[in-house]
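Structural description and commentary
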Amino acid sequence: MDELAVELRGLTKSYVRFPLTRVPVVRGLNLDVPAGGVHALLGPNGSGKTTTLRMLLGLVRPESGTVRVLGHAVPGALPAVVGRIGAVVEQPRLFPAFSGRRNLELLARAADVPAARVDEVLDEVGLRDRARDPVRRYSLGMKQRAAIAATLLRRPDLVVLDEPTNGLDPQGVHDVRALMRRLADQGRTVLVSSHALGDLEQVADTVSVLAAGRLVAQGRLDDLLASRGAPRLRVRVADPERAALALAGHGWSAHVDGGAVVVTDPPPAADVSRVLAGVGLYPEELTVLRPDLESAYLALTAGSGPAAVRDPAEVGS
Ligand SMILES: Nc1ncnc2c1ncn2[C@@H]1O[C@H](COP(=O)(O)OP(=O)(O)OP(=O)(O)O)[C@@H](O)[C@H]1O
């Protein structure tokens, strides 16, 4: 079995809500994050992503279950491993009046990291040019990258990011995504929670999907998408009805949908073009339609909502 950066077994956590209602937010969670690569933790609002991340960082104590991070039990052995974890799970705490560099220098000193490392992390997150500007003049994306830079000071093996692209513009999203990829390519493990499915699809190697505190899917992104069905081929052509008939005549499954022909389990596009040309129809557009992460996510999380269990006897923790 591949080495795991994070291993959660039977993890359970609930919160108490008024009036004396215990709401389970993480329910018997078994989750594996392979070492190396980008792992996306997906799930609707309130599905327990942040609570899960906080438990594996020792910030929230689970009611039951075990947590292992980089081979160490958490929270018991956290001191042995905390220096190898970099996390941005709360609002980045940077002094707005100080420059990005000054903030990082202070953090480096507090963490006993050589000052030379500050320039390296500024380079890694692409902030060297703006390092002298006060953080209050940074865009949201720059603040996010500065916060990630702070986590990199100690060269963590595991980087945990909670919704790092929230509220960022497309350039900011692109920058953070590229940064996650670079970190993973350096051999680190990046564990990222997010709703930005399109962005994660481009960068995630493995995913896990939570719904109402339970794991509903886990594995390689490619496998998850493949499990949602084979790609289809969309053909735009002047006479879609006749085109569909011609393709069906070759034993292919073709139907008209939205003014185009859709071929399921398609043969190579060149074969489709050749058959259509044979009946005097010339495709204006041939597009391979692949299942995407958004459709897989929506199918997996459909109907999930927070479940409340009234259990006054347990109230109090
Ligand atoms: N300290 C707390 N006290 C009470 N309830 C809490 C606490 N922290 C989280 N919750 C509740 O637990 C549930 C799961 O929250 P959590 O933040 O883990 O979900 P999430 O998947 O990260 O959601 P989002 O995508 O909205 O950030 C939510 O209903 C939330 O209101």
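Because the structure is a prediction, the values reported are computed rather than measured.

With that out of the way, let us pick up the overall build of the protein chain. Tallying secondary structure elements over the protein chain gives eleven helices and 14 strands in all. With respect to the three principal axes, the spread of C-alpha positions in the protein chain is 75 × 55 × 40 Å. Taking all contacts inside the protein chain whose residues are at least 6 apart in sequence as the whole, residues at least 24 apart take part in 70%. Summing over all exposed atoms, the protein chain offers an accessible surface of approximately 15,400 Å²; the carbon and sulfur share of this is 51%. Of the charged side chains in the protein chain, 38 are positive and 36 negative, and the gap between their average positions amounts to 7 Å.

Turning to helix α11 (residues 293-301), its buried residues number three or more, namely L293, A296, Y297 and T301. Looking straight down α11, one finds that the buried residues subtend no more than 110° of arc, so they occupy a single side. Where α11 is buried, its residues contact β3 (37-42), α7 (197-203), β9 (206-211) and α8 (221-227).

Moving on: the pairing of β3. Counting buried positions over the six residues of β3 gives six, a clear majority of the element. Judged by which residues are buried, β3 turns out to be covered on both faces: G37, H39 and L41 on one side and V38, A40 and L42 on the other are all buried. Examined bridge by bridge, β3 and strand β8 (residues 189-193) share five bridges and lie parallel to one another. Within β8, the residue paired with G37 across the bridge is T189. Two strands pair when backbone bridges link them, and β3 and β9 are joined in this way by four bridges, in the parallel orientation. Counted as the bridge partner of L41 is S208 from β9.

Let us now look at the confidence of the model for the protein chain. On average, the protein chain scores 88 in pLDDT, and the residues at 70 or more come to 94%. Note on residues 305-317: pLDDT under 50 across the span, and 27 contacts to partners over four residues away in sequence or across chains. Predicted as a complex, the structure gets a pTM of 0.82 and an ipTM equal to 0.95.

Contacts to the ligand come from 13 residues, most closely from N45, G46, K49, T50 and T51. At a separation of 2.7 Å, an oxygen atom of the ligand approaches a polar side-chain atom of T50. Starting from 640 Å² of accessible surface for the ligand in isolation, the protein chains cover 64%. Only β1 (4-17) and α1 (49-56) provide two or more residues apiece to the shell around the ligand. At three residues, α1 tops the list of elements feeding residues into the shell around the ligand. Among the residues forming the shell around the ligand, the class breakdown is three nonpolar, seven polar and three charged.

Turning our attention to the pattern of salt bridges. Inspection of the entire model under this criterion finds 20 salt bridges. The salt bridge involving E63 is made with R22; its shortest N-O contact spans 3.1 Å. Of this pair, E63 sits in the loop between α1 and β4 (64-69) while R22 sits in strand β2 (residues 21-34), placing them 41 residues apart in sequence. With a relative accessible area of 37%, E63 lands in the partly exposed category. Take R22: its relative accessible area is 5%, and that puts it in the buried class. Close ionic contact of D185 with R181 constitutes a salt bridge, the shortest N to O distance being 3.3 Å. Of this pair, D185 and R181 both sit in helix α6 (residues 170-185), separated by four residues, roughly a single helical turn.

Turning to its location among the elements, E163 is positioned in the loop between β7 (158-162) and α6. With sequence-adjacent residues up to four places away left out, E163 is seen in contact with K49, Q144, S193, S194 and H195.

Listed in full, the buried residues belonging to helix α9 (residues 240-248) are P240, A243, A244, A246 and L247. End-on, the buried residues of α9 take up no more than an arc of 160°, which puts them together on one face. Exposed side chains of α9 directed beyond 90 degrees from the buried face belong to E241 and L245. Contacts from the buried residues of α9 go to β12 (253-257), β13 (260-264) and α10 (269-278).

Rules behind the numbers
- Residues numbered from 1 in each chain as written.
- Predicted model: local features only at pLDDT ≥ 70, side-chain atom pairs only at ≥ 80, totals over all residues.
- Heavy atoms only, no water.
- Helix = DSSP H or I, 4+ residues; strand = E, 2+ residues; numbered from the N terminus.
- Contact = heavy atoms within 4.5 Å.
- Areas by Shrake-Rupley, 256 points an atom, 1.4 Å probe, with all protein chains shown as cover.
- Lys, Arg positive; Asp, Glu negative; His and termini not counted.
- Charge placed at Lys NZ, Arg CZ, Asp CG, Glu CD.
- Buried < 20%, exposed > 50% of the residue type's maximum accessible area, 1.4 Å probe, protein only.
- Arc of directions from axis to C-beta.
- Pairing = 2+ DSSP bridges.
- pLDDT = per-residue confidence, 0-100.
- Near = heavy atom within 4 Å.
- Polar contact = N/O pair within 3.5 Å; in protein donor to acceptor, adjacent residues only side chain to side chain.
- Nonpolar A, V, L, I, M, F, W, Y, C, P; charged D, E, K, R; others polar.
- Salt bridge = Lys/Arg side-chain N within 4 Å of Asp/Glu carboxyl O.

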